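Analysis of the macromolecular model
Chain residues, written in single-letter form:
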Amino acid sequence: MNSTKAAIIEMFWQLLDKKPYSKITVKDIVTGCQINRNTFYYYFQDIPDLLQQTTEDYADSIIQNYNRFSSLADCLVPIIDACRERKRALLHIYKSMQREVFLTQLERTVLYVVTRYISTAEKESELSEEDRSMLVWYYKCTLVGIFLDWLDKDMAYDLQQCFVRIQEL
């Protein structure tokens, strides 16, 4: 990725950590990066476009850097860690009018993780494609719902420990 584009994205994350999405302006970003407005618009159409690309890249990095699928609880660790790492910024996005952008990437990431886990776990069983798809759908919907509850509660509880305990039960 181009260093200027990366600087714009990093500045956006820094600003999201400090203030709500709706309060961030192109001027804030270009001032922080010490670039001109035209440079910003060379890379992004506007702030919503920046948000879309930023959340997509963030989800991609979680997906590309993760390959442990020993248990469902383990599968969720990178998503939980990524959310904790950017807690304030992600909560600002989640609580904004643009929350759908964040939710799309959350669902895509959970779907990837669940699909990989089911594929790994089912090697020992003979599931039909229809049954496998049903399991993936069920776990994706359940886990996204649990993540939404966690976000609604400002990530106040230990979600990873909850998943470990649920798995034990």
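Note that the structure is a prediction, hence the values are computed from the model and not measured.

Conventions and cut-offs
Residues numbered from 1 in each chain as written. Predicted model: local features only at pLDDT ≥ 70, side-chain atom pairs only at ≥ 80, totals over all residues. Heavy atoms only, no water. Salt bridge = Lys/Arg side-chain N within 4 Å of Asp/Glu carboxyl O. Helix = DSSP H or I, 4+ residues; strand = E, 2+ residues; numbered from the N terminus. Buried < 20%, exposed > 50% of the residue type's maximum accessible area, 1.4 Å probe, protein only. Axes fitted to C-alpha atoms, helices over the stretch in contact; angles between N-to-C directions. Parallel < 35°, antiparallel > 145°, perpendicular 65-115°, else oblique. Contact = heavy atoms within 4.5 Å. Nonpolar A, V, L, I, M, F, W, Y, C, P; charged D, E, K, R; others polar. Patch = residues over 30% accessible without salt bridge, like charges linked within 9 Å, V, L, I, M, F, W, Y side chains within 5 Å. Areas by Shrake-Rupley, 256 points an atom, 1.4 Å probe, with all protein chains shown as cover.

So, about the pattern of salt bridges. The final tally for this structure, using the stated rule, is eleven salt bridges. Across the pair arginine 86 and glutamate 10 runs a salt bridge, and its minimum N-O distance is 3.6 Å. Of the two residues, arginine 86 sits in the loop between helix 5 (72-85) and helix 6 (87-94) while glutamate 10 sits in helix 1 (residues 3-18), which places them 76 residues apart along the sequence. As a salt-bridge pair, aspartate 81 and arginine 84 come within 3.7 Å of each other at their nearest N and O atoms. Taken together, the residues span about one helical turn, with aspartate 81 and arginine 84 both in helix 5 at a distance of three residues. Take aspartate 81: its relative accessible area is 36%, and that puts it in the partly exposed class.

In this section: the packing of helix 1 against helix 6. For the pair helix 1 and helix 6, the least separation of the axes is 7 Å and the interaxial angle reads 80°. Here helix 1 lies roughly perpendicular to helix 6, going by the angle between them. Residues Trp13, Leu16, Asp17 and Lys18 of helix 1 pack against Arg88, Ala89, Leu90, His92 and Ile93 of helix 6. Residues that form the contact of helix 1 with helix 6 fall into these classes: five nonpolar, one polar and three charged.

Once that is clear, we can look at a nonpolar patch on the surface. A contiguous nonpolar surface patch, about 380 Å² in accessible area, is contributed by Met134, Trp137 and Tyr138. Position of tryptophan 137 relative to the elements: it lies in helix 8 (residues 129-152). Given the relative accessible area of 53%, tryptophan 137 is considered exposed.

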